[in-house]
Amino acid sequence: MSDQTIRFEDGASYEQMMGRWSLLVGERFLDWVNPPQQASWVDVGCGNGAFTELIVQRCAPAAVQAIDPSEAQLAYARQRLQPGAPVTWSQGDALQVPVPDASCDVAVMALVLFFVPDAAKGVAEMCRAVKPGGIVAAYHWDMLNRGFPLAAIGQEMLKIGLTPVMPPSVQASTVEASQALWQQAGLRDVRTTQITVQRQFSSFDEYWNSAAGSNMIRSMIDDLPADERAALKDKVKRRLEAGDGAFTVSARANAVVGIR
């Protein structure tokens, strides 16, 4: 089942659910892409600014145009960076990125492509935004192969007849599909990789509560009767082999990069 309008409006909830995961992947992703310093960037679907902040910290950009459809997310993002940071925050859509043609050196989507209703058009917009020789790159959870951080919850939901909402372009999240999209967009020197990361939670409850901001599963869980919700929670805990203290969860992202 797909939803063409999956949006995230709460920056704080997103930080707990996905912002911290994004940073874990983002650090390794940026090392792998190896972009030049003093480049001009467009960060498409910047969300609450977690990855944008990482660009500023690690890549010494000349400028970053950070774009997201949610003004609430942008409001949270604007608080992340010190005054004077080379970032412009703008409301906009991945299918019509509000930047001039060939105006950037690097275009990136961090955990975004599978939410874009027309993934090919989203890639084309990134290509349009970068100069010849510019970098077009993205990373996204390996959704169809249980790489999503909340995959354990989704798997147990399926067992009781609940089908989590999937992003509209979830098929684009595989390594093979990502490579094909980049090649079909006319990009050269296309590379892909998989990035596995681990996040430690202080308790199972911290992990369970991190799903509160998920538009794909949370409303269905909240609609369950209390006893069924408790049973689901217990099954997820057993699937993850979580005890009463700290434990670690793994997740896997697929990354792709090419040159215009």
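Participant: Could you clarify how one ought to interpret the pattern of salt bridges in this entry?
Facilitator: Note on pairing: side chains with opposite charge can pair once their charged atoms come close. Enumeration according to the criterion identifies 15 salt bridges in this entry. The partner of Asp31 in a salt bridge is Arg58, and the shortest N-O contact between them spans 2.9 Å. Linking Asp31 in helix H1 (residues 11-33) with Arg58 in helix H2 (residues 50-59), this pair joins segments that are 27 residues apart in sequence. By relative accessible area, Arg58 is classed as partly exposed at 35%. As a salt-bridge pair, Asp222 and Arg218 come within 3.3 Å of each other at their nearest N and O atoms. Of this pair, Asp222 and Arg218 both sit in helix H8 (residues 218-222), four residues apart, roughly one helical turn. Given the relative accessible area of 43%, Asp222 is considered partly exposed. Each of the salt bridges in this network shares a partner with another, and the network as a whole consists of Asp101, Glu125 and Arg128.

Participant: Teacher, can you tell me more about helix H6 (residues 175-184) here?
Facilitator: Structural remark: α-helix, 3.6 residues per turn; residues separated by three or four positions point the same way. Taken residue by residue, H6 has Val175, Ser178, Leu181 and Trp182 as its buried positions. Take H6 and look down its axis: the buried residues cluster within an arc of 130 degrees, on one side only. Opposite the buried face of H6, at more than 90 degrees from it, the exposed residues are Glu176 and Gln184. In this fold, the buried residues of H6 make contact with helix H4 (119-129), strand S5 (130-141), strand S6 (188-201) and strand S7 (247-259). Following H6 by one or two positions, Gly186 adopts a phi angle in the positive range, close to 90 degrees.

Participant: So what exactly am I meant to see when it comes to the environment of Gly92 here?
Facilitator: Locating Gly92 in the fold gives a position in the loop between strand S3 (87-91) and strand S4 (104-110). As a C-alpha pair, Gly92 and Ser22 span 70 residues in sequence and 21 Å in three-dimensional space. The residues touching Gly92, leaving out its near neighbours within four places in the chain, are Ile67, Asp68, Pro69 and Pro98.

Participant: Just checking my understanding: could you explain unusual backbone geometry for this structure?
Facilitator: Of note, the phi angle at Asn34 is positive, near 55 degrees, even though the residue is not glycine. By the secondary structure assignment, Asn34 is in the loop between H1 and strand S1 (40-44).

Participant: I keep staring at the confidence of the model for the protein chain and nothing clicks. Help me out?
Facilitator: When pLDDT is low, close inspection of the predicted coordinates is not appropriate. When the pLDDT values of the protein chain are averaged, the result is 91; 92% of them are 70 or greater. In the model, residues 1-6 has pLDDT below 50 throughout and makes 19 contacts with residues more than four positions away in sequence or in other chains.

Participant: Teacher, can you tell me more about the pairing of S5 here?
Facilitator: A regular strand carries its side chains on alternate faces of the sheet. Burial within S5 is extensive, with nine of its twelve residues counted as buried. When S4 meets S5, the two strands line up parallel, connected through six bridges. Counted as the bridge partner of Val108 is Ala137 from S5. Across seven bridges, S5 lies against S7 in antiparallel orientation. Bridging from a neighbouring strand, Val136 pairs with Gly258 of S7.

Reading guide: rules and limits
- Residues numbered from 1 in each chain as written.
- Predicted model: local features only at pLDDT ≥ 70, side-chain atom pairs only at ≥ 80, totals over all residues.
- Heavy atoms only, no water.
- Salt bridge = Lys/Arg side-chain N within 4 Å of Asp/Glu carboxyl O.
- Helix = DSSP H or I, 4+ residues; strand = E, 2+ residues; numbered from the N terminus.
- Buried < 20%, exposed > 50% of the residue type's maximum accessible area, 1.4 Å probe, protein only.
- Arc of directions from axis to C-beta.
- Contact = heavy atoms within 4.5 Å.
- pLDDT = per-residue confidence, 0-100.
- Pairing = 2+ DSSP bridges.

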